[in-house]
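# Chain and residue survey
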Amino acid sequence: MNGFNQLMERYFMPVAGKISEQRHLKAVRDGIISAMPLLIIGSVFLIISSPPIESWAEFMEPYAETLNIPVNATFGMLGLVAVFGISYSLAKSYDMDGLSAGVLGLAAFMVATPLTDEGNLPLDLMGAEGLFIAIVLAIFTVEVYRFFESKHIVIKMPSTVPPSVWRAFTALLPGFFIILIVWGVDVILDASFGLSLHDVIGTVLKAPLELIGGSLWGALIAVFLISLLWALGLHGESIVASVLAPIWYSLTEANVAAKQAGEELPHVVGQPLMAIWFAVGGTGMAFALAILFVWRARSKHLKNLGKMSVWSSFFNISEPIMFGAPVVLNPLLFIPFLLVPLVVTIITYTSMSIGLVGKPFVIVPWTTPPPFSGILTTGDWRGGVLMLFNLVVSLLIYYPFFRLYDKKLQKDEKAEESDEEKKAISEDV
Amino acid sequence: MRIVLLCAQGMSTSLLVQKMREASERLESAVEIEAHAVDAFDQQLKTADVILLGPQIRYKKGEFISKADAANVSLDVIDMAAYGSINGEKVLKQALDLRKKRS
């Protein structure tokens, strides 16, 4: 086991670190996260307009359209906010002017977006529908901008001009070039194929990614990787999400759009499932472990740890358990820790896809405790029941492994105590 | 002296900060302790004397250490066992020792 750990530490960890540090992935993640407050605020209005209680839902129906205004202005702007946020973050990471890059990215996005027949902005392309093109254009914008800057192809200003003025001017030439290219490509696409950039990115990038990311297999692989990274003591979510977050958000937004339109929700997998459902009490359903520690532990170590960490775990913060038990690099707890999330994923996915429980469409802060998070994300009380059921299953899987580990600790503690006693006696003598 | 703890979102380290403050009161050492998200690294580098990383982001050490050295800030990864048991006193000592080594 030690050999295995060393192997992982030596070869796997640097790779994981590199992925999470990759500049573009990091900018995409940060850019999307900048929309997080909007998504949560939008979700609140969404819950009010489509509440989990049926009689209330009927009562709210006439007001749905009015309530959709704040939903559209927050959740519905994900693509728009993301293109600015990603351009800004990426430019910042190059030590360039973030604001100019954000503004240019926004303009590129608008150039690529076809207006509706009435000449209005198409709301549906501003949201997650436009998320992938937002990513592509943000990266394109900043890279072109950077190329111009690094080759010094910028309008030079005398040194007496204040920085805020010349900074805006340095964005001029690259800005022209970016807009021209995006516009040109868009015009050519439209003239020769009747397509927009949105259509192309949607077919080439979005559809296949969603197909993979939205499937049970996709979810299982993601969940497994997250657990494996955490089992090595690395923050699995932030590493895996740096690649997959755009897919999860766009799947969730599709559900939001369906909910607003009063249609059947298309996706099971999405941001709420990955952030909330498979990590009750923290990754690996750590809340189940915290309960076992408080409730069943006989060793002092686990009992104390349980008392100390059960509340933070209730709010989905599991680091004390991960490093305290420890679960990290612990061959006895390692196995159930990898197994539990997979089982929970299968149970949850199946119950939701056969319609036993509502599909999640609401984004809540990741610190929302169970089973409230389950009810809120799905707008369905049965979501809460399923979440508790998952917890019980997790308890059962963890139990035998926990038992073994607890016994081992108890034995060690006893041995230590008797050692100390012996020492005390010998010192007395 | 200013000690900054960083983890992915600054959540779990804030639990530890509480315990470290209690420990620092007991030890009567005048320190400021804060927890932040790891993205705030560059900003914290300007004011911190010691930066400690949560073990779950220890893969960042390689990237951060040269920046920290250049800014004369001590940097290390929090001891895993101490982190897990939220042992404020031990982590505080780790921070103080780290600083001592540098000066």
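Here's a quick rundown of the structure. (Residues numbered from 1 in each chain as written. Chains lettered and ligands numbered in written order. Predicted model: local features only at pLDDT ≥ 70, side-chain atom pairs only at ≥ 80, totals over all residues. Heavy atoms only, no water.)

## Here's the deal with the interface of chain B and chain A
Our working rule: Two residues qualify as a contact provided that any one of their heavy atoms is within 4.5 Å of a heavy atom in the partner residue. Summed over both partners, the accessible surface that disappears when two parts come together, traced with a 1.4 Å probe, is what is meant by buried area. By definition here, a salt bridge exists when the distance from a side-chain nitrogen of Lys or Arg to a carboxyl oxygen of Asp or Glu is within 4 Å. As used in this structure description, the phrase polar contact means that two N or O atoms lie within 3.5 Å; if the pair is within protein, one of them must be able to donate a hydrogen and the other to accept it, and residues adjacent in sequence are counted only when both atoms belong to side chains. Numbering of helices and strands runs from the N terminus; a helix is a DSSP stretch of H or I covering at least four residues, while a strand is a stretch of E covering at least two.
If you look at the interface, chain B gives 18 residues, while chain A gives 25 residues. For the pairing of chain B and chain A, the buried interface totals around 1,700 Å² over both sides, and the portion due to carbon and sulfur atoms is 65%. The largest per-residue losses of area from chain B upon contact with chain A belong to Gln56, Arg58 and Tyr59 of chain B, which jointly make up 34% of the total buried on that side. Connecting chain B to chain A are 0 salt bridges. On inspection of chain B and its partner chain A, the count reaches 4 residue pairs in polar contact (both at pLDDT 80 or more). Contributions of two or more residues to the side of chain B that touches chain A are made by helix 1 (12–27) and helix 4 (80–84) of chain B. Sort the elements by how many residues they give to the side of chain B that touches chain A and helix 4 of chain B lands first, with 4 residues.

## Describing the nonpolar core
Here is the rule we go by: Only buried residues count toward a nonpolar core. Its members are Ala, Val, Leu, Ile, Met, Phe, Trp, Tyr and Cys residues joined through side-chain atoms within 4.5 Å. Buried residues are those whose accessible area, probed at 1.4 Å on protein chains only, stays under 20% of the maximum for their type, while exposed residues exceed 50% and partly exposed ones sit between those limits.
In terms of nonpolar packing, the biggest core is built from 149 residues, with Tyr249 and Leu302 of chain A together with Ile3, Ile51 and Leu52 of chain B touching the most fellow members. It is helix 9 (residues 131–150) of chain A that provides the largest number of residues to this core, a total of 11 residues. Not counting residues within four places of it along the chain, the set of residues in contact with isoleucine 51 of chain B comprises Val4, Leu6, Phe41, Gln44, Leu45, Val73, Ser74, Leu75 and Asp76 of chain B.

## Structural notes on a nonpolar patch on the surface
All names here are of chain A. Stated formally: In this analysis, a patch consists of residues with relative accessible area above 30% that form no salt bridge, clustered at 9 Å for like charges and at 5 Å for the nonpolar side chains Val, Leu, Ile, Met, Phe, Trp and Tyr. The Shrake-Rupley method, run with a 1.4 Å probe sphere, supplies the accessible areas, and residue values consider only the shown protein chains as cover.
Among the surface-exposed residues, Phe147, Ile153, Ile155, Val165, Phe169, Leu172, Leu173 and Phe176 lie close enough to one another that they form a single nonpolar patch of about 650 Å² accessible area. Where the nonpolar patch is concerned, the elements lending two or more residues are helix 10 (163–170) and helix 11 (172–193). The leading source of residues in the nonpolar patch is helix 11, at 3 residues.

## A word on the sheet that holds strand 1 (residues 2–7) of chain B
All names here are of chain B. Condition: Only strands that DSSP links by at least two bridges are regarded as paired with each other. Every angle, taken between N-to-C directions, lies between 0 and 180 degrees, and every axis is a line fitted to C-alpha atoms, over only the stretch in contact when it is a helix.
Reading across the sheet, the 4 strands line up as 2-1-3-4 and stay open at both edges, with parallel pairing between neighbours. In this open sheet, the two edge strands, each paired with only one partner strand, are strand 2 (32–37) and strand 4 (74–77). In this sheet, adjacent strand axes meet at a mean angle of 20° when their direction is disregarded. Pairing of strand 1 with strand 3 (residues 50–53), which is carried by 4 bridges, proceeds in the parallel orientation.

## Focus on empty space enclosed by the protein
We apply this condition: Detection works on a 1 Å grid of protein atoms alone, calling trapped sets that fit a 1.4 Å probe cavities and calling open sets with protein on both sides within 12 Å along at least five of seven lines pockets, with lining residues defined by an atom within 4 Å of a point. Grid points are joined across faces, edges and corners, and a volume is the space filled by probe spheres set on the points. Here the term charged refers only to Asp, Glu, Lys and Arg, the term nonpolar to Ala, Val, Leu, Ile, Met, Phe, Trp, Tyr, Cys and Pro, and the term polar to all other amino acids, Gly among them.
In this structure the tally under the stated criterion is 2 cavities of 30 Å³ or more. Together, Val223, Ile226, Ser227, Glu237, Met274, Phe278, Ala279, Thr283, Gly284 and Pro341 of chain A line the largest cavity. Considering every element that reaches the lining of the largest cavity, the biggest residue donor is helix 13 (residues 216–231) of chain A, with 3 residues. Looking at the lining of the largest cavity, its residues break down into 6 nonpolar, 3 polar and 1 charged. Roughly 50 Å³ of volume is contained in the second largest cavity. In terms of lining residues, the second largest cavity is bounded by Glu319 and Pro320 of chain A together with Ser12, Leu15, Leu16, Tyr83 and Ile86 of chain B. Of all elements in the fold, only helix 18 (319–324) of chain A together with helix 1 of chain B reach the threshold of two or more residues within the lining of the second largest cavity. Counting residues per element, the lining of the second largest cavity draws most heavily on helix 1 of chain B, which supplies 3 residues. A breakdown of the residues in the lining of the second largest cavity according to their chemical character gives 5 nonpolar, 1 polar and 1 charged.

## Topic: the layout of surface pockets
All names here are of chain A. Size it by volume and the second largest pocket reaches roughly 820 Å³. In this structure, the second largest pocket is lined by 29 residues; those nearest its centre are Ser50, Pro51, Lys259, Phe361 and Gly379. Mapped onto the lining of the second largest pocket, the elements with two or more residues apiece are helix 3 (36–49), helix 4 (54–60), helix 5 (64–74), helix 14 (236–261) and helix 21 (381–428). When residues in the lining of the second largest pocket are grouped by element, the largest group, 3 residues, is from helix 4.

## Looking at the pattern of salt bridges
What the rule picks out here adds up to 17 salt bridges over all chains. Here lysine 359 of chain A makes a salt bridge to glutamate 264 of chain A, at a shortest N to O gap of 3.8 Å. Taken as a pair, lysine 359 of chain A in the loop between helix 19 (331–353) and helix 20 (372–378) and glutamate 264 of chain A in the loop between helix 14 and helix 15 (271–277) lie far apart in primary sequence, 95 residues in all. Residue class for lysine 359 of chain A comes out buried when judged on its relative accessible area of 15%. In this structure, aspartate 79 of chain B engages lysine 90 of chain B in a salt bridge whose closest nitrogen and oxygen atoms are separated by 3.7 Å. Placement of the pair is aspartate 79 of chain B in the loop between strand 4 and helix 4 and lysine 90 of chain B in helix 5 (residues 88–102), with a sequence separation of 11 residues. Using a relative accessible area of 33% as the deciding quantity, one classes aspartate 79 of chain B as partly exposed. Judged by its relative accessible area of 44%, lysine 90 of chain B is partly exposed.

## Some words on the packing of helix 2 (residues 23–33) of chain A against helix 6 (residues 78–93) of chain A
Residue and element names in this part refer to chain A. Defined as follows: Roughly parallel means an angle under 35 degrees; roughly antiparallel, over 145; roughly perpendicular, 65 to 115; everything else is oblique. With the far helix as reference, a near helix turned anticlockwise by less than a right angle produces a left-handed crossing, and one turned clockwise produces a right-handed crossing.
Taken N-terminus to C-terminus, the directions of helix 2 and helix 6 make an angle of 135°; their axes are 7 Å apart at the nearest point. In terms of orientation, helix 2 and helix 6 fall into the oblique class. The element helix 2 and its partner helix 6 pack so that their crossing is right-handed. Residues Arg23, His24, Ala27, Val28, Asp30, Gly31 and Ile32 of helix 2 lie in contact with helix 6, whose contacting residues are Ala82, Gly85, Ile86, Ser89, Leu90 and Ser93.

## A word on helix 9 of chain A
Inclusion rule: Working rule for helices: expected span equals 1.5 Å times residues minus one.
Along its 20 residues, helix 9 of chain A runs 28 Å from first to last C-alpha, staying within 8% of the 28 Å computed at 1.5 Å per residue. Listed in full, the buried residues belonging to helix 9 of chain A are Leu131, Phe132, Ile133, Ala134, Ile135, Leu137, Ala138, Thr141, Val142, Val144, Tyr145 and Phe148 of chain A.

## Side note on the packing of aromatic side chains
Residues and elements named next belong to chain A. What counts here: Here the aromatic set is Phe, Tyr and Trp, taking the six-membered ring for Trp, and pairing holds for ring centres within 6.5 Å; pairs whose planes are under 30 degrees apart are stacked, those over 60 apart are edge-to-face, and all others are tilted. Sitting over a ring, as applied to charges here, requires NZ of Lys or CZ of Arg to be within 6 Å of the ring centre and within 35 degrees of the ring normal.
On inspection of all chains with the given rule, the structure shows 12 aromatic pairs over all chains. Ring geometry for phenylalanine 287 against phenylalanine 314: centres 5.7 Å apart, planes inclined by 45°, an arrangement best described as tilted. Of this pair, phenylalanine 287 sits in helix 16 (residues 286–296) while phenylalanine 314 sits in helix 17 (residues 300–314), and the two are 27 residues apart along the sequence. Like phenylalanine 287, the residue phenylalanine 314 is buried in the burial classification. For phenylalanine 314, a relative accessible area of 18% corresponds to the buried category. Joined through ring pairs, the aromatic side chains of Phe287, Trp311, Phe314 and Phe315 make up one cluster. The aromatic ring of tryptophan 295 is capped on one face by arginine 296, whose charged end is 5.0 Å from the ring centroid.

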